[in-house]
Every structure is written in C-alpha cells, then in structure tokens.
Amino acid sequence: MYDAQIETQVRTRRFGRLNWQVSEIGYGMWGIAGGEGGWTGVTEDATRLDSLFRAVERGCNFFDTAWIYGRGGSEKLLGELLDQHRGDKLYVATKIPPKNRDFPSKRGDRIEDIFPAEFCDDYLKRSLDNLGTDCIDLMQFHVWEDHWADHDGWKRMIDDWKSEGLVRGVGLSINRWEPWNCLATLRTGLIDSVQVIYNIFDQAPEDELFPLCRDLDIAVIARVPFDEGTLTGTLTKDTTWPDGDWRNSYFVPENLCSSVDHAEALRAVLPDGMSMPEAALRFILQHPVLSTTIPGMRQLRHVDANLRVSGLPPLSPELMAELRRHRWDREPTEWSQ
C-alpha cells in the first residue's frame, strides 16, 4: 500500500491524434453539478471549487462536463476555475444534449431530429458563454447512433466549428453498454475521441472498440469507473437516495441487488489493504489504449484518494487475471439510461 501522506502529481497520457498530454485521471463533473436529474448531496459552490482547485494542484488538467449537468451549472462552475487558471493549460470537454432530451438515443432516432445544425450551434454558443472561453477543446455528442455515420449534415457542421476556431476536437459519448454503437462513425476519420463506460464489470469495450481506437489513433475517455457507485463498495441492498436523485431510477431493486452481489464477490478477491475504488481505477489505468478516466469527485477527500492512484505501480498479472473474471456483460433496459 502507498503512504497516504505522500502526494504525487498525476501522470499524463497522450490524447490520441490530437496529441494533447492529459492527466490520466481527469475530473468528471456530473456529480458536482447537482440540479434537475442529477445527484443529491452537492455541496456549496466554495467547497466544489476547492475540490476543483485541489485537482489542478495535483496535476489534473482534463475536465469533462456537459450542458445537461445542472443545465449549464457545471459548465459555469468550470468556467470559474478556468478564469482563475488562465496561465495553466486545462483541457475542457463538454457535450451537446440531444434535442429531445432522451438518454440514451434509440435505434429509430433520426439525427436531423436529435442534433439539428441550428440547435447544435445554439448549444455550442451556450457552452462557450458558460465556460467563458472562445474555443472548446473537445465538443462531444452526448448520445450517438452508428447508423448516423453516413449522414453529411453533422460532418459539415463539425468542419465549420473547427474552421471557425470554435472547437479543437470532436468526440462521441457512447450509450451505456453499447460500445459497438459507434464503430462505423469512427471509421469516417472525423472523430477525435470516444467516451465509453469501462470498468472492472464493463470490459466489453476491449472486444472491438479499443482495438479500433488504437488503429485509428482515437483517444479513449473511460467514464463511470465506479459503476455509478457499485465499485466504491459502499452500497447495500437497503441503500436509498433522496427524492430527485437520479440513482433512484437507475438502482431499481433488480439492479441494486445484483450490483451489490457482484461488488461483494469482487471484494472477496482484493488484497488486504486495497480499497475497491483503488482497484477499480488501477484496473482501468492498466489498459494502454486509455487516455484518461473521469471519476466524479465532489469532495476534497475524493480528489486526494482518486488522484493518488496515478502514482501507484501496475497491478500484478495474477490480480488482473482475477479481476477479468468479474466481467459482467449487461444489456440496456428501461432503467439503464
């Protein structure tokens, strides 16, 4: 085990063909946003900013947000951080919401209805205003259907954004448990990054997505490293959340009970002294195609605990083999969002 008093700077990795050097542990900013459709228990602005500043001090330079997180609130919070760190290079990734606000997208959805150009241009401007910047490093589509790959409208749109200097890179945020639902789009050569759920349970991106990203030099952002909380090891079958917290709709009894069972099975194989969040992050960081992973961090102790993992050595081959046996392939359902 590492000494809890030793503070290390977060290591960096290359962000695909954009060739940025980003912190291998970034900052996921959904949980810190609060507001409609989000996480309850969000602290006041000063405390949230303290956590963001602390992350920068430790070498975190990649921040992932979205307009939908707090309906612009998360972007505005990040904008405050950017304003006070004008001399530092912090990479900003945000997302355009689907026009119908439907997460995830559906097979029959038409891109003309979900991401019409005028709507996307409007939300790009909103994000620029919220962040207080004139250029966004990475703009991502917050949902995606791979049958949209051949449509020309989105291709012209992102070309315009780049030529006008409004964005530097464009990425896809892939629907939950559908890492295959972007492969044709990646082969267009127009996408710079993919954001996908990848963790000890969700290993399916390794099958097809990661090899293609390696071949095309597309950056990989691993989201949901703790499986929405399951891999923190703190959930029980009796866990509840306040009204309005989105986890009430995700952790329905069927999912909560199964998730806790899987977490307890995993806990039994971890070495003495290794926490479940530590194991979760170290497993993700072991994959060479990964550019960054973006845990949510709402408190200083989360920032310190998560960023310290970047300084730890690789897991042993024996432990990695054991963790791989905990792969849990799931299919999207009405509650999985």
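Residues numbered from 1 in each chain as written. Predicted model: local features only at pLDDT ≥ 70, side-chain atom pairs only at ≥ 80, totals over all residues. Heavy atoms only, no water.

### Observations concerning the side chain of N255
Put simply, the rule reads: Numbering goes from the N terminus for both helices and strands, where a helix is a DSSP run of H or I of at least four residues and a strand is a run of E of at least two. Buried means the residue's accessible area, taken with a 1.4 Å probe over protein chains only, is under 20% of the maximum for its type, while exposed means over 50%, and partly exposed covers the values in between.
Tracing the backbone through its elements, the reader meets N255 in helix α9 (residues 253-267). According to the relative accessible area criterion, N255 is buried, its value standing at 2%.

### Remarks on the nonpolar core
To keep it simple, the criterion reads: Here, nonpolar core refers to any group of buried Ala, Val, Leu, Ile, Met, Phe, Trp, Tyr and Cys residues whose side-chain atoms link them within 4.5 Å. Note on contacts: a residue pair qualifies if any of its non-hydrogen atoms lie within 4.5 Å across the two residues.
Counting residues in each nonpolar core, the largest one holds 88 residues, and the members touching the most others are Y27, F63, F141, W161 and L186. Counting residues per element, this core draws most heavily on helix α10 (residues 276-285), which supplies seven residues. Beyond its immediate chain neighbours, meaning those up to four positions away, F63 contacts Y27, M29, L52, V56, L78, L81, L90, Y91, V92 and A93.

### Description of the pattern of salt bridges
Formally: Just to be clear on terms, a salt bridge is a Lys or Arg side-chain nitrogen sitting within 4 Å of an Asp or Glu carboxyl oxygen.
Across all of its chains, the model carries 30 salt bridges by this definition. When the shortest N-O distance is used, the salt bridge between R14 and D217 registers 2.8 Å. With R14 in strand β1 (residues 12-15) and D217 in the loop between α7 (209-216) and β9 (219-223), this pair connects stretches of sequence that are 203 residues apart. Residue R14 is classed as partly exposed on the basis of its relative accessible area, which comes to 38%. Of the residues examined, D217 reaches a relative accessible area of 27% and is grouped as partly exposed. The shortest N-O distance in the salt bridge between R86 and D83 comes to 3.6 Å. By relative accessible area, which is 53% here, R86 ends up exposed. One connected set of salt bridges, linked through shared partners, spans R54, E57, R58 and D304.

### A word on the packing of helix α2 (residues 73-83) against helix α4 (residues 117-131)
Inclusion rule: Fitting a line to C-alpha atoms yields each axis, with helices limited to the stretch in contact; the angle taken between N-to-C directions then spans 0 to 180 degrees. Oblique is the label for any angle not under 35 degrees, not over 145, and not in the 65 to 115 range, which are roughly parallel, roughly antiparallel and roughly perpendicular in turn. Polarity classes work like this: nonpolar for Ala, Val, Leu, Ile, Met, Phe, Trp, Tyr, Cys and Pro, charged for Asp, Glu, Lys and Arg, and polar for all others, with Gly in that last group.
Two elements in contact, α2 and α4, have axes whose closest approach is 7 Å; the angle formed by their N-to-C orientations is 45°. The angle between α2 and α4 places the two elements in the oblique class. Side by side, α2 and α4 meet where E75, K76, L78, G79 and L82 of the first sit next to R126, S127, N130 and L131 of the second. Split into classes, the residues belonging to the contact of α2 with α4 amount to three nonpolar, three polar and three charged.

### Quick look at the pairing of β9
Our working rule: Two strands pair if DSSP finds at least two bridges between them.
Where burial is concerned, most of β9 is hidden: five out of the five residues are buried. Residues of β9 alternate between two faces, with A219, I221 and R223 on one and V220 and A222 on the opposite face, all of them buried. Bridge analysis of strand β8 (residues 193-197) against β9 gives five bridges, and the strand direction is parallel. Bridge assignment links I197 to a residue of β9, and that residue is R223.

### Some thoughts on the side chain of Q140
Condition: Two N or O atoms form a polar contact when they lie within 3.5 Å of each other; inside protein one atom must be a possible hydrogen donor and the other a possible acceptor, and for residues adjacent in sequence the pair counts only when both atoms belong to side chains.
Topologically, Q140 is positioned in strand β6 (residues 136-141). You can call Q140 buried: its relative accessible area is 0%. Of note is the side chain of Q140, whose polar atom sits 2.8 Å from the side chain of Q195. Setting aside anything within four residues of it in sequence, one finds Q140 in contact with D64, A93, T94, K95, I96, G171, Q195 and I221.

### Here we look at the environment of A263
Structurally, the position occupied by A263 is in helix α9. Sequence-distant contacts of A263, defined by excluding residues within four places in its chain, comprise F201, T230 and M276.

### A few points about the sheet that holds β9
With respect to topology, eight strands assemble into an open sheet ordered β3-β4-β5-β6-β7-β8-β9-β10, the strand pairing being parallel. At either margin of the open sheet sits one strand with a lone partner, and together these are β3 (27-28) and β10 (292-293). Note that strand β5 (residues 91-96) and β6 share four bridges and pair parallel. Bridging across to β6, K95 finds its partner in Q140. Together, β5, β6 and β7 (167-173) form the strand contacts of α4, whose direction differs from that of β6 by roughly 140°.

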